[in-house]
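One-letter residues, chain by chain:
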2 protein chains.
Amino acid sequence: MSDLGDRLAALLGGGHVSDGDTALDLAHDEALAVEHGVPAFVVHPGDTSDVVGIVEACRAAATPVVARGSGTGLSGGAAAPEGAVVVCFDRMDTIHAIDDVDHVAVVGPGVTLEALDAAVREHGLTYPVRPGEQSASLGGTVATNAGGMHAVRYGVTRAHVVGLEAVLVDGTVVRAGGRLAKVSSGYDVVQLLTGSEGTLALVTEVTVRLQPRMPVRRTVLAPFGDLATTTAAVARIVGSGLAPALCEYLDDPTMDAICAAADLSLGIPDEVRGAADAYLVVELVGRRAERVEEDLAELGELLTELGAPDVYVLPEGSARRLVEARELTFWTIKARGADEIVDVVVPRSAMAAFIGRSREIGAAHGSKVLGCGHAGDGNVHFAVFQPDPEALHATLHEVLAAGVALGGAVSGEHGVGRAKAAALAELGDPGALEVMRRVRAALDPDGLLNPGCGVSAMARR
Amino acid sequence: MSDLGDRLAALLGGGHVSDGDTALDLAHDEALAVEHGVPAFVVHPGDTSDVVGIVEACRAAATPVVARGSGTGLSGGAAAPEGAVVVCFDRMDTIHAIDDVDHVAVVGPGVTLEALDAAVREHGLTYPVRPGEQSASLGGTVATNAGGMHAVRYGVTRAHVVGLEAVLVDGTVVRAGGRLAKVSSGYDVVQLLTGSEGTLALVTEVTVRLQPRMPVRRTVLAPFGDLATTTAAVARIVGSGLAPALCEYLDDPTMDAICAAADLSLGIPDEVRGAADAYLVVELVGRRAERVEEDLAELGELLTELGAPDVYVLPEGSARRLVEARELTFWTIKARGADEIVDVVVPRSAMAAFIGRSREIGAAHGSKVLGCGHAGDGNVHFAVFQPDPEALHATLHEVLAAGVALGGAVSGEHGVGRAKAAALAELGDPGALEVMRRVRAALDPDGLLNPGCGVSAMARR
């Protein structure tokens, strides 16, 4: 091992340091089209002081540092550059506190969403962030500001993070926020670090707000004849005050694919399936069954009025399986050979135009562009099938540009990572990018934290 | 006029530029104990390009710039340093758009909360931020990250701001966020600027999320024999899932004072008033009257179980007047000669301990410390009566330190301003303060934006 390797081994114990070429499965995430290098080392800190020691050693050796949670990210935010040190937070997986009075949990960054939600369930509480992969870590979801199906009701990750401990590249430990419902005491460092993809600091502890757990949930499925009607309905549903816990659209091929993958029959007559271009799935939750039933009836009338030829209230088992199948969409379309997935957010009002335009772009390049998304949030996910790298790149680039031209952004919830760093630099607002570059340079002047990812790809040195 | 004055007059027209000594009423906000200087000029830009011209002129003349909304702030964030240029946003008061589909409003920074809420009401929507002073401007509330009574249900200002246009000190125009429900595309510049008190940029346009307006609201008042029981009840109410639209506590003297000021009788028997140490006011809202009534009954049972000797459902008129009187608390206690008001946030679980400790601190210094607050958020407001400046300072300092020692922060919603800049520098987490200083230096290297306010008071030059 090199001097750096010796120093890391002395710090962590040899069992927690691997040579990079022996741990390549920890050098990337789930992004489909992002390359990664061979890291110098993969390390597993046990606590904050280990993390301080790691960044100090890497800084002394001018070696880049990449933070890694569960590796379930979809934009290459955890793809290691050649020769970097990958910091895996799997050992920092302690739930430090679940507080019934302040309604917060304080956790290590390696705690998974699954573990946290299971632990808070006993307290009648929930951590409502569900980005689709419950093995994702809290640290990873903070890094990407992960969203998911429940964001339409509860907001994305940054709406829930109230406190962070993090380590700057010079070893400074930062504690921001706390078990607090609100703060106005200087710049919001919690919000600055959330979504910064490990390019400003390494997060070593997360405090999140918890929500009362709703005991009743009911789900409806509504086919629509065309996309414009589908997405127009969404604004009315969100504006109704029914406060859906999810409001998803799926185009017909995507619905077919996930039902086939989950061996799920929805009990919809063939002629209705045949006439449907898209589906809305809407879930209502509440404290009392009779109210949820009443709201469900109101939602059904609203959907019919808005153009759904029929509305299906799903039995509990089917509903759960459909939502689970929807959460697994990434794996389904990956198994079907999708060449890339896209996450774009546009104003809700522009969703139909954006999806239509994206289908045209796909057709022009001979690419198949299928999709689903968090319709309540204007957040669209496409699967793009196009084996030719040039045609794939052209399709993706034009789709992102179309989203931004409609008032959107290059990522709604997956983050920029390495997959979209060039798109952000090209399509982002120049003034906002200037602020980002200056902030990055101020906190990581030597550019050692996750270089090539997101803002860091265009940072001044 | 000086060269700077000539340049500003040429830019804006002479009618929109005043010599500072003729416009001293625009050189401060409502902070009780903050000094201000005589500004060089007070200017009134009409649009973003005016603001760009103003900062360019001020920068060329090395003159500090202070942004001013309606001047209703309580921490001296708009108190002008001697010789500064005060930028009043009163002319930039256009509501550019109210969007029924995206559920956002796009407004100039000079639009007041009152004007915005009146405009969105017709659309069945609401902008739920109510910091107590509805003449506050959107720009001002973004600067301070204003909270208020509804934050327990809807969150503080930063939960609602989805897009900003702002001007950096070098004239760069930044456009961040948009009509979007979620974004994960680089650092969140919207969140960075929100709460930055005009020390990073001047906000020239604000896009806020709107909420469905709830037609039904009902209010209960519960006296409690002691403070610990009162605040312990709060956690149960918030955790119940009843989602109150406000959950306020008032100590007995504060309740007396606001009722007297509003000539309001609550219909509570004298013996109950006499035995009460504190009160909770809880408002429930909803779409359907019968559900709100049902929830009200559940809330009443909960309050009784939690130790309230009696629970009063207020008639609509009394409820509205009580909430209005509570919103006017600042003016009431100001009229009674309070020497300072304090805004501290602590974990909800620490509220009783914090209030008890603050009363002890007050007693030790011969200061009267009375209070009320947003109990659901752990956000406490004290009125401090202490004419002696040294004893007042000691009281305030020890109260803030006690709040921070209990896991709190020096301001929950008023901002740091000039009133608490020293307290933030002394009591804040050193690592977090280091991040703030670096960010400030990166965006305003010459320290011209609101010097002496909040983070800028301790910034590196």
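Residues numbered from 1 in each chain as written. Chains lettered and ligands numbered in written order. Predicted model: local features only at pLDDT ≥ 70, side-chain atom pairs only at ≥ 80, totals over all residues. Heavy atoms only, no water.

If you look chain A up in an unreviewed UniProt entry, it shows as FAD-binding oxidoreductase from Actinomycetospora atypica.

A. Region of interest: the overall build of chain A. On a plain count of helices and strands, chain A comes out with 16 helices and 18 strands. Taking 2.2 N^0.38 as the reference for a compact globule, 461 residues should give roughly 23 Å; the C-alpha atoms of chain A span a radius of gyration of 22 Å, in line with that estimate. Across its three principal axes, chain A shows a C-alpha extent of roughly 70 × 55 × 40 Å. A total of 461 residues make up chain A; the buried ones form 63% of that total. (Helix = DSSP H or I, 4+ residues; strand = E, 2+ residues; numbered from the N terminus. Rg over C-alpha atoms; globule rule 2.2 N^0.38 Å. Buried < 20%, exposed > 50% of the residue type's maximum accessible area, 1.4 Å probe, protein only.)

B. Expanded view of the UniProt feature "domain: FAD-binding PCMH-type" (unreviewed entry) in chain A. In the numbering used here, UniProt assigns the feature "domain: FAD-binding PCMH-type" (unreviewed entry) to residues 35-213 of chain A. Helix and strand shares over residues 35-213 of chain A are 21% and 25% respectively, and the end C-alpha atoms of the span are 41 Å apart. (UniProt positions renumbered as here; feature names shortened; annotations may be inferred.)

C. The nonpolar core, seen in detail. Ranked by size, the top nonpolar core spans 171 residues in total, and within it L280, L303 and F382 of chain A together with L280, L303 and F382 of chain B carry the most contacts. With near-sequence residues (within four places) excluded, F382 of chain A lies in contact with Y249, E340, I341, V342, F354, I355, S358, V369, L370, G371 and V399 of chain A. (Core = buried A, V, L, I, M, F, W, Y, C linked by side-chain atoms within 4.5 Å. Contact = heavy atoms within 4.5 Å.)

D. Local environment of the pairing of strand β14 (residues 278-286) of chain A. Residue and element names in this part refer to chain A. Burial within β14 is extensive, with 9 of its 9 residues counted as buried. Neither face of β14 is left uncovered, since the one carrying A278, L280, V282, L284 and G286 and the one carrying Y279, V281, E283 and V285 both have all their residues buried. Both strand β12 (residues 216-224) and β14 contribute to a ladder of 9 bridges, which runs antiparallel. Each bridged residue has a counterpart across the sheet, and for F224 the counterpart in β14 is A278. (Pairing = 2+ DSSP bridges.)

E. Highlighting the packing of helix α1 (residues 3-12) of chain B against helix α2 (residues 48-60) of chain B. Residues and elements named next belong to chain B. Where α1 meets α2, the axes come as close as 10 Å, and the angle between the chain directions of the two elements is 170 degrees. Classed by the angle they form, the pair α1 and α2 counts as roughly antiparallel. Of α2, the residues touching α1 (which contributes L4, R7, L8, L11 and L12) are D50, G53, I54, E56, A57, C58 and A60. Here the residues of the contact of α1 with α2 sort into 8 nonpolar, 1 polar and 3 charged. (Axes fitted to C-alpha atoms, helices over the stretch in contact; angles between N-to-C directions. Parallel < 35°, antiparallel > 145°, perpendicular 65-115°, else oblique. Nonpolar A, V, L, I, M, F, W, Y, C, P; charged D, E, K, R; others polar.)

F. Quick peek at the pairing of strand β18 (residues 379-385) of chain A. All names here are of chain A. Along β18, 7 of the 7 residues are buried, which leaves the element largely enclosed by surrounding structure. Side chains N379, H381, A383 and F385 project from β18 onto one buried face, and the interleaved V380, F382 and V384 project onto a second face that is buried too. The pairing of strand β16 (residues 340-345) with β18 spans 6 bridges and is classified as antiparallel. For D343, the partnering residue across the bridge sits in β18 and is H381. Both strand β17 (residues 368-374) and β18 contribute to a ladder of 7 bridges, which runs antiparallel. Directly across from V369, in β18, lies its bridge partner V384. The antiparallel hairpin formed by β17 and β18 contains 4 residues in its connecting segment, where G378 sits at a positive phi of about 65 degrees.

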